[in-house]
Amino acid sequence: MTNFWTPYAQLPDGLSERVRLAVTDGRFAAVETGVEPGPADNRLPGVVLPGFANAHSHAFHRALRGRTHGDGGTFWTWRRQMYAAADRLDPDRYFALARAVYAEMVLAGMTAVGEFHYLHHDHGSRPYADPNAMSAALAAAATEAGIRLTLLDVCYLNGGLDAGGHLPLDPVQERFSDGSVQAWAERVASWSAPAGVTVGSAIHSVRAVPAEDLARFAEVVPDGPLHVHLSEQPAENAAVQSFYGCTPAELLDRYGLLTDRTSAVHATHLTAGDIDRLGSHRTYACFCPTTERDLADGIGPAGRLRDAGSPLTLGSDQHAMIDMFSEMRGLEMHERLISNQRGHFAPAELIAAATAAGHRSLGRPDNGRIETGGLADFIEVDRRSVRTAGARADQVLYAATASDVATVVVGGETVVRDGTHRLGSISELLAESLSELGEQR
């Protein structure tokens, strides 16, 4: 048994003081409050929070950070640059990049990640000798980085949608596609994921999977988390309305694909009916505020979705930055901008979106809460940095950044100590992997 003691810890019923966490076999064996530290306790002098869940990630998008922001354009012009980055990846390069990106997430306090994975094949849609080589690369990367992986394997069949119908795949998109729902399902079923990896499913979008294939997908989708990009852009809504005569949410609901295990990612441009529909199914709504700002997507109806019954989660998506404090604050600050009022989400609600709700949406219901029996994944936030000095413990999330994560414990094992990852210099790992992709100059 290993004991940790902290002056402040975020427990399920709120912030508690003078807390001892006893850990055995990777789980919390006991959680005591109002106690003084003992001589054998590992002291964590900051604020202890459950480990964050990054509910939406595209690991290879990290290659675009600092390279695609200054030239204007829209989501659709950015997407061309993203496809160019995807075109340069193979399993070895993807492993190296993902390992560095996942380690950067751990440094930021993220102990689980949902990887929205659609880069499946070699050029020309040719399967690798191992059809799941890219999935295996991501799993190995997560293991070395010390983060729990939920691999959300994406079904991607068409190149887009306009008023005339679905479009063929372009050459880069061919790498994303298995050709049919049945082939996708067979490939996913053929992979023996390593221990500790949760396998979920994803529909890239209703642009990329036609209605007849949504029906087939609903018949074969395995149990577990299901994620889908939903109404990220007005152009998507307009195309679906023109061709199908409904909204993307309505189309998914028509085939039973909005449930309490589904996560609607972005959910930015929803009608009132869409909001009621997601809420009635208790479908998760995954917001990625730093990405939605960077790509000029818009501000989604987070408060209205919460009020309708949708649990909220958070992701760093394209990784313009990897900082869950920024994502949490973004959820609240966006509401302030459109309402001219403060205080839409209490700090505990923001923490829940970044932790317990996110873990549940990734198929990990026993994670994200500091309680007896739960997985011992937690972080310590430094209260003595130039950013956090003077901040109240219950409001430290409004002052902290990823750089203030001092300690990260995953399954009872310390992966980050004094702000340093066990792999060493993560900036060097990032620089090396990006150089291999030709992304340094």
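Residues numbered from 1 in each chain as written. Predicted model: local features only at pLDDT ≥ 70, side-chain atom pairs only at ≥ 80, totals over all residues. Heavy atoms only, no water.

Caption draft 1: A look at the overall build of the protein chain. Secondary structure assignment for the protein chain yields 14 helices and 19 strands. Taking 2.2 N^0.38 as the reference for a compact globule, 441 residues should give roughly 22 Å; the C-alpha atoms of the protein chain span a radius of gyration of 21 Å, in line with that estimate. With the principal axes as the frame, the protein chain shows a C-alpha extent of 70 × 45 × 45 Å. Expressed as a percentage of the 441 residues in the protein chain, the buried residues total 58%. For the protein chain, the proportion of contacts with a sequence separation of at least 24, taken over those separated by at least 6, is 73%. When the accessible surface of the protein chain is summed, it comes to about 16,500 Å², and 47% of that surface belongs to carbon and sulfur atoms. Looking at charge distribution, the protein chain has the averaged site of its 38 positive side-chain charges lying 4 Å from that of its 55 negative ones. (Helix = DSSP H or I, 4+ residues; strand = E, 2+ residues; numbered from the N terminus. Rg over C-alpha atoms; globule rule 2.2 N^0.38 Å. Buried < 20%, exposed > 50% of the residue type's maximum accessible area, 1.4 Å probe, protein only. Contact = heavy atoms within 4.5 Å. Areas by Shrake-Rupley, 256 points an atom, 1.4 Å probe, with all protein chains shown as cover. Lys, Arg positive; Asp, Glu negative; His and termini not counted. Charge placed at Lys NZ, Arg CZ, Asp CG, Glu CD.)

Caption draft 2: Broad picture of the pairing of strand β17 (residues 405-410). With six of its six residues buried, β17 lies for the most part within the structure. Note that strand β16 (residues 378-381) and β17 share four bridges and pair antiparallel. Directly across from glutamate 380, in β17, lies its bridge partner threonine 407. Here β17 runs beside strand β18 (residues 413-417); their pairing, made up of three bridges, is antiparallel. The partner of valine 408 across the bridge, within β18, is valine 416. (Pairing = 2+ DSSP bridges.)

Caption draft 3: Focus on the pattern of salt bridges. If you walk through the whole model with that rule in mind, you get 22 salt bridges. The shortest N-O distance in the salt bridge between arginine 27 and aspartate 366 comes to 2.8 Å. Pair noted here: arginine 27 is in strand β3 (residues 27-32) and aspartate 366 is in the loop between α13 (356-361) and β16, with a separation of 339 residues, a long-range link. Its relative accessible area of 32% is what places aspartate 366 among the partly exposed residues. Among the charged side chains, a network of salt bridges with common partners joins Glu250, Asp253, Asp274 and Arg277. (Salt bridge = Lys/Arg side-chain N within 4 Å of Asp/Glu carboxyl O.)

Caption draft 4: How the structure looks around the packing of helix α2 (residues 91-107) against helix α14 (residues 426-436). One can describe the packing of α2 onto α14 by two numbers: an axis separation of 9 Å at closest approach and a directional angle of 150°. When the axis of α2 is compared with that of α14, the two are roughly antiparallel. For α2 against α14, the interelement crossing comes out left-handed. Facing Arg93, Ala96, Leu97, Arg99, Ala100, Val101, Ala103, Glu104 and Leu107 of α2, the residues of α14 in contact are Ile426, Leu429, Leu430, Ser433, Leu434 and Glu436. Residues belonging to the contact of α2 with α14 are distributed by class as follows: ten nonpolar, one polar and four charged. (Axes fitted to C-alpha atoms, helices over the stretch in contact; angles between N-to-C directions. Parallel < 35°, antiparallel > 145°, perpendicular 65-115°, else oblique. Left-handed = near helix turned anticlockwise from the far one by under 90°. Nonpolar A, V, L, I, M, F, W, Y, C, P; charged D, E, K, R; others polar.)

Caption draft 5: Representation of a nonpolar patch on the surface. A contiguous nonpolar surface patch, about 300 Å² in accessible area, is contributed by Ile299, Leu337 and Ile338. The topology assignment puts leucine 337 in helix α11 (residues 324-339). (Patch = residues over 30% accessible without salt bridge, like charges linked within 9 Å, V, L, I, M, F, W, Y side chains within 5 Å.)

Caption draft 6: View of the sheet that holds strand β14 (residues 284-287). Reading across from one edge, β6-β7-β8-β11-β12-β13-β14-β15 is the order of the eight strands in this open sheet, with parallel pairing throughout. The outermost strands of the open sheet, each flanked by one partner alone, are β6 (52-57) and β15 (312-314). Sheet twist, expressed as the mean angle between neighbouring strand axes with direction ignored, is 25°. Where strand β11 (residues 198-203) meets strand β12 (residues 226-230), three bridges bridge the pair, whose relative direction is parallel. Note that in β12 the partner of serine 201 across the bridge is leucine 226.

Caption draft 7: Just the nonpolar core, in detail. Core analysis: the biggest nonpolar cluster contains 116 residues, and Phe60, Tyr102 and Met328 have the highest contact counts within it. For this core, the leading source of residues is α2, giving nine residues. In contact with phenylalanine 60, other than residues within four places in its own chain, are Met82, Ala85, Ala86, Leu89, Tyr94, Leu97, Tyr118 and Leu119. Phe4, Leu44, Ala376 and Phe378 belong to the second-largest nonpolar core, a separate cluster that totals 13 residues. (Core = buried A, V, L, I, M, F, W, Y, C linked by side-chain atoms within 4.5 Å.)

Caption draft 8: Looking closely at the environment of arginine 18. Note that arginine 18 resides in strand β2 (residues 14-24). In this structure the C-alpha to C-alpha distance between arginine 18 and valine 410, which are 392 residues apart in sequence, comes to 21 Å. Apart from the residues within four sequence positions on either side, arginine 18 is in contact with Trp5, Thr6, Pro7, Tyr8, Glu32, Thr33, Gly34, Val35 and Glu36.

Caption draft 9: Layout of the pairing of strand β8 (residues 148-155). Most of β8 is tucked away: eight of the eight residues are buried. Residues Arg148, Thr150, Leu152 and Val154 of β8 are buried on one face, and the alternating residues Leu149, Leu151, Asp153 and Cys155, pointing to the opposite face, are buried as well. Taken together, strand β7 (residues 110-117), helix α3 (residues 133-145) and β8 form a β-α-β motif whose crossover is right-handed. (Right-handed = clockwise from strand over helix to strand, strands pointing away.)

Caption draft 10: Inspection of the packing of aromatic side chains at higher detail. What the rule picks out here adds up to eleven aromatic pairs. A ring pair is formed by phenylalanine 60 and tyrosine 118, whose centres lie 6.1 Å apart and whose planes are at 85°; its orientation type is edge-to-face. On the criterion of sequence distance, the pair formed by phenylalanine 60 in the loop between β6 and α1 (75-87) and tyrosine 118 in the loop between β7 and α3 is long-range, its members being 58 residues apart. Neither residue differs from the other here; phenylalanine 60 and tyrosine 118 are each classed as buried. With a centroid separation of 5.8 Å and an interplanar angle of 50°, the aromatic rings of tyrosine 118 and tyrosine 156 are classed as tilted. Taken together, the residues span a long stretch of sequence, with tyrosine 118 in the loop between β7 and α3 and tyrosine 156 in the loop between β8 and β9 (160-162) at a distance of 38 residues. Given a relative accessible area of 3%, tyrosine 118 falls into the buried group. In this structure an aromatic cluster arises from ring pairing among Phe60, Tyr83, Tyr94, Tyr118, Tyr156 and Phe176. (Phe/Tyr/Trp six-rings, centres within 6.5 Å; stacked < 30°, edge-to-face > 60°.)

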